[in-house]
Amino acid sequence: MTAIPIARLTPLAWLRAGPLGVIWRSPRATTGAVIILLIAVLALLAPLISSYDPSSGAFTPWIKPGVGHLLGTTALGQDIFTQMLYGARLTLLIGIASGLISTAIGTALGLTAAYYGGRTGEVINTVTNIFLVLPGLPLLIIVSAFLRGGGVWAIILVISLTGWAWGARVLRSQALTLRNRDFIHAAVSTGESPARIIFKEMLPNLAGIIAANFFGTALYAVLSEAALSFIGIGDVSKVTWGTMLYWAQAKNALLQGAWWWVGAPGLGIAVLGMAFAFLNFGVDEISNPRSNHAGKATRVLRRKSVPKVVDAAGLPLMSIQHLDAGYVTPSGPVRAVRDVSLDVAPGEFLGLAGESGCGKSTLAFAATRLLDAPGAVFGGEARLAGQDLLSLTPEELRRTRWKDYSLVFQASMNILNPVIKVREQVYDAMQAHGVHDKTKLEARARELFELVGIRPDYLDAFPHQLSGGMKQRVVIAIALALEPKLVVMDEPTTALDVVVQRQILQEIDQVRRRLGISIIFITHDLSLLVEMSDRIAIMYAGEVVEEAPAQQIYTAPKHPYTQRLMTAFPPLSGARERREGIPGRPPSLAQEIVGCPFYERCAVHLPGTCDVKKPANVEVEPGHRVACFLQSPAVKPAVYQEEHDLASD
Amino acid sequence: MNYLLRKFGLLLFTLWIAATLNFILPRLVPGDPVGAMMAKYQGQLTPAAADALRVAYGLNDQGSMSHQYFIYLGKLLRGDFGLSISQFPTPVIDVIALAAPWTIGLIGVTTIISFLLGSGLGLYSAWKRGSPLADWMPPVALFLNSMPYFWFALLLLYLFALKSSVFPLSGNLDPFIGEAWTAKWWSSMLRHAALPALTIIVTAAGGWLITMRNNVMGVMGEDYLAFARAKGLSEGRIVNRYVLKNALLPSLTSFGMALGFVVGGSILVETVFSYPGLGFYLYSAVAAVDYPLMQAIFLIIAAAVLIANFIVDMLYAVLDPRVRDGK
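Residues numbered from 1 in each chain as written. Chains lettered and ligands numbered in written order. Predicted model: local features only at pLDDT ≥ 70, side-chain atom pairs only at ≥ 80, totals over all residues. Heavy atoms only, no water.

**Describing the overall build of chain B**
Here is step 1: Check the secondary structure of chain B and you find 14 helices and zero strands.
Here is step 2: Going residue by residue from the N terminus, the α and β elements of chain B occur as α-α-α-α-α-α-α-α-α-α-α-α-α-α.
Here is step 3: Principal-axis analysis of the C-alpha atoms gives chain B an extent of 80 × 55 × 40 Å.
Here is step 4: Across the 327 residues of chain B, 53% fall into the buried class.
Here is step 5: Restricting the contact set of chain B to residue pairs at least 6 apart, pairs at least 24 apart contribute 72%.
Here is step 6: In the structure as shown, chain B presents an accessible area of about 14,100 Å², 70% of it carried by carbon and sulfur atoms. (Helix = DSSP H or I, 4+ residues; strand = E, 2+ residues; numbered from the N terminus. Buried < 20%, exposed > 50% of the residue type's maximum accessible area, 1.4 Å probe, protein only. Contact = heavy atoms within 4.5 Å. Areas by Shrake-Rupley, 256 points an atom, 1.4 Å probe, with all protein chains shown as cover.)

**Quick look at helix α17 (residues 422–431) of chain A**
Here is step 1: Among the 10 residues of α17(A), 10 are classified as buried, and the element is accordingly described as predominantly covered.
Here is step 2: Those residues of α17(A) that fall on the buried side of the exposure criterion are Val422(A), Arg423(A), Glu424(A), Gln425(A), Val426(A), Tyr427(A), Asp428(A), Ala429(A), Met430(A) and Gln431(A).
Here is step 3: Tucked into the core, α17(A) has its buried residues touching α18 (438–452) and α19 (468–480) of chain A together with α10 (235–253) of chain B.

**Quick word on the nonpolar core**
Here is step 1: Counting 171 residues, the largest nonpolar core has Ile141(A) and Phe150(B) as the members making the most contacts within it.
Here is step 2: Here Ile141(A) is in contact with Leu228(A), Ile231(A), Ile233(A), Ile267(B), Leu282(B) and Val286(B), once residues within four sequence places are set aside.
Here is step 3: Listed in part, the 107 residues of the second largest apolar core include Met470(A), Met489(A), Ile519(A) and Tyr561(A). (Core = buried A, V, L, I, M, F, W, Y, C linked by side-chain atoms within 4.5 Å.)

**Structural notes on the interface of chain B and chain A**
Here is step 1: The interface is formed by 81 residues belonging to chain B together with 82 residues belonging to chain A.
Here is step 2: On the chain B side of the interface with chain A, the three residues burying the most area are Phe227(B), Arg229(B) and Lys231(B), jointly 11% of the side's total.
Here is step 3: Our count for the contact surface shared by chain B and chain A stands at four salt bridges.
Here is step 4: With a closest N to O distance of 3.9 Å, Arg237(B) and Asp428(A) form a salt bridge. (Buried area = accessible area lost by both parts, 1.4 Å probe. Salt bridge = Lys/Arg side-chain N within 4 Å of Asp/Glu carboxyl O.)

**Some thoughts on the environment of Ser51(A)**
Here is step 1: Within the secondary structure, Ser51(A) sits in the loop between α4 (46–49) and α5 (80–116).
Here is step 2: Considered as a pair, Ser51(A) and Thr82(A) are 31 residues apart in the sequence and their alpha carbons are 8.2 Å apart.

**Remarks on the pairing of strand β8 (residues 486–490) of chain A**
Residue and element names in this part refer to chain A.
Here is step 1: Taken across its five residues, β8 has five buried, putting it largely inside the fold.
Here is step 2: The alternating pattern of β8 places Leu486, Val488 and Asp490 on one face and Val487 and Met489 on the opposite face, and all of these are buried.
Here is step 3: Looking at chain direction, strand β7 (residues 405–408) and β8 are connected through four bridges and run parallel. Each residue of the ladder has a partner; that of Ser406, found in β8, is Val487.
Here is step 4: The sheet contact formed by β8 and strand β9 (residues 518–523) spans five bridges and is parallel. Directly across from Leu486, in β9, lies its bridge partner Ser518.
Here is step 5: Taking the sense of rotation as the criterion, the β-α-β connection linking β8, helix α20 (residues 498–515) and β9 turns out right-handed. (Pairing = 2+ DSSP bridges. Right-handed = clockwise from strand over helix to strand, strands pointing away.)

**So, the state of the cysteines**
Residues and elements named next belong to chain A.
Here is step 1: One pass over the structure, following the stated rule, counts zero disulfides over all chains.
Here is step 2: With no disulfide of its own, Cys596 has Cys610 as its nearest cysteine by sulfur position, at a separation of 5.9 Å.
Here is step 3: Cys596 gets classed as buried once you look at its relative accessible area, which sits at 14%.
Here is step 4: For Cys610, a relative accessible area of 7% corresponds to the buried category. (Disulfide = S-S within 2.5 Å.)

**Regarding the confidence of the model for chain B**
Here is step 1: Overall, the prediction assigns chain B a mean pLDDT of 84, with 91% of residues at 70 or greater.
Here is step 2: Predicted as a complex, the structure gets a pTM of 0.84 and an ipTM equal to 0.86. (pLDDT = per-residue confidence, 0-100.)

**Some thoughts on the pattern of salt bridges**
Here is step 1: Following the criterion strictly, the structure yields 32 salt bridges over all chains and no others.
Here is step 2: The residue Glu192(A) makes a salt bridge to Arg196(A) at a minimum N-O spacing of 3.0 Å.
Here is step 3: Asp457(A) is the salt-bridge partner of Arg455(A), the closest N and O atoms lying 3.2 Å from each other.
Here is step 4: Linked by salt bridges that have partners in common, Glu424(A), Asp428(A), Lys231(B), Arg237(B) and Arg241(B) make up one network.

**Thoughts on the packing of aromatic side chains**
All names here are of chain B.
Here is step 1: Tallied over the full model, the rule gives 27 aromatic pairs over all chains.
Here is step 2: Judged by centre distance (5.4 Å) and plane angle (85°), the ring pair of Trp185 and Trp186 falls under edge-to-face.
Here is step 3: According to the relative accessible area criterion, Trp185 is buried, its value standing at 8%.
Here is step 4: By way of ring pairs, the aromatic residues Trp102, Trp181, Trp185, Trp186 and Tyr275 are connected into one cluster. (Phe/Tyr/Trp six-rings, centres within 6.5 Å; stacked < 30°, edge-to-face > 60°.)

Now the structure itself:
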């Protein structure tokens, strides 16, 4: 099913598919690779390109660059262009060989340290640290000075022996995180040999880092060779770009005005070095993709203009209308939220449930403009008290955030800034919205901590001194600081243990009843929602398929998907029975879905209807909306086609 | 506290390794280093100097290796590095005392400037990602950082000292400058230091730019940044208290390696400008096969880099509360 027919691959596809495929996915790395290949080709074809001998001084000395001698001649009458061509051979050899050797040493030591840990790891770690801080070039100089006359391979060896430490450190830390992953634990417990685990399981996952490290050390090697040659250590009778600089300096090329003699090999080294650096940088960028939260506000790519503010009277507190949102990817847009409309009344607890990847978090983040790039809103409205959040300028948005609505993210170890005190992180939310009086800040902070059940002393703590549950309480305290009308909670307790989860949920419930705030609570835990919510909306494949008061969803679910979901969770009371999952997978959100998104997995679907038309979301009972042809024959009108077009631009 | 003790332990241990390396190396080379020097100097080396050398290497001493080793360590602790060959009979320690302040001044000041400049630009380049200026910075930085230091030094020398004599060709001061610390002395000192300093700053800042850019991008993916943004904090506050404070920490961790690299590069920069610091003397010592001077300079440079690293480790403990608690 997933196999791609070979015939469809372009002739060069193996370049992308192979282990070095990362290189071609980064324009920077590609540039680097092309430069190095070019230099390598020139070096290999040197005898074809130039008929001169690189070391024979057959010409008049100090000829300027010109037609006969592209880069002029040396003081000894050698052709500099020819020397550049031949010199590239040894320069490349030294760079690549040293890069390979030191990467091999670094990889072996780093992986061993990470795999075995304990005493072995400690010893390797100490040795690595020593080599890291010992200044490389002075060490190189002193060692090479004693090994003088050892030839090229002695230089390669010395460079490799001083250059491996950084790679070992980076690899160790990466391998350590890998070592703690489930599949490695599984391999260890099934009794696979260490060598097999290291080479077959861990190494492939570290390929990108190892490649980046190789290019980094190759750069170091090229520069080190140049430096050593320049001060005359090493074999200056061999032609490398480094020894060319040595002779240029020894013969006072610059005093003679022969800048080309110095310029050419130096530029060669710099360009070759840059090519290695580009590869290092590019491969690293691709193999460690970094998400980021730097965008000031989610991009809104709406075509239709909407009024910025409408009269809030008679409107629900939060009103999401026909929201279309998702991600802009190189292979086209992914519409994770599809024409979703939802209202939240003042003081209401709205539960939003669905499987992972159904778009529930995307919906919450898009509506509050917190969806990070490449996320974007393609269309629709999200009004809080009549004001369209999607029309706000970044500064207006900044002022609205936290004051009118706040967010509680999934519990995470890094949700609080590790290097500043908890107090400052409680204060700054209030300070950003105009509370500056120190005594007020302090009083409010203590009050909030009491509210969520933490001793106010913890205001003086740093985040690492708090447990996961306490951190999440701090986050909730911060979310309540300015008594916003709406708090969006995205799986706030999923990562916590059951006891802490229960305590925190009870506190959230008490607080919201006392303060009368509305809550949108996102989770995949339906049984929890049934207990806590006033109303529940069920999402599937980017659409809200059912929406009803919590009790009704629990006792009389109407959509086949909701019905399956309800039986997938054990009831709170009653006899134990066999639980069944839902076979199949949700459809890909990168494609257009013609009929009902649940069609494939639905046991009661109507072929010829459900797979060709989209059911409209219809209120079948007061307050109970559902999109299913079994409940209503209404077909969804294609009114919002305009935005859909935009999404596929 | 535990953390700093451990770091201090590593400092002493590394110093000891460096010193031991220094002891073993001459003994690993086939033949007698003194013989090699005698050959090189073709009789210019007086018998007295040769004897001094043999003493310096413990070659007159037929005692056991371990005995020689402890004598060597004892001498090191007293700052006795023996006599310089190329400047016989000046004690090596005197040469170093003369040269060290120039190197420490040059590298110290330029390292701080390039760190601040590079990190600042790196922060800009990551934070404003997508704007043309910010996106052009990394490739340029990678190129500058890939230039051999000494080559860039040669270019500057050619352009600003040879072609147009804006700056002096070599040395650290004008001859016969008189009293130190006078206005005239300062101006001469700065004019001589300008090109070497510029070389180090231009080539080293690129490295810091890349490091800082990577760190900032790492921080930008952290959950606490998304949370800070959701809180509606001002951009200035997010940059100062959330991004910068966290992104600087890994920069400090990589400081050790980077410093070693800068020091290595500076050795050659001093050579190009005949700037009479440790690097210049190391080069001269290599050219003159002056092993005692070479080894002493290596040890001193290693010690200086290690101490600088230790200072950075202390700074790290001040900036990162997790380290203070030993986590």
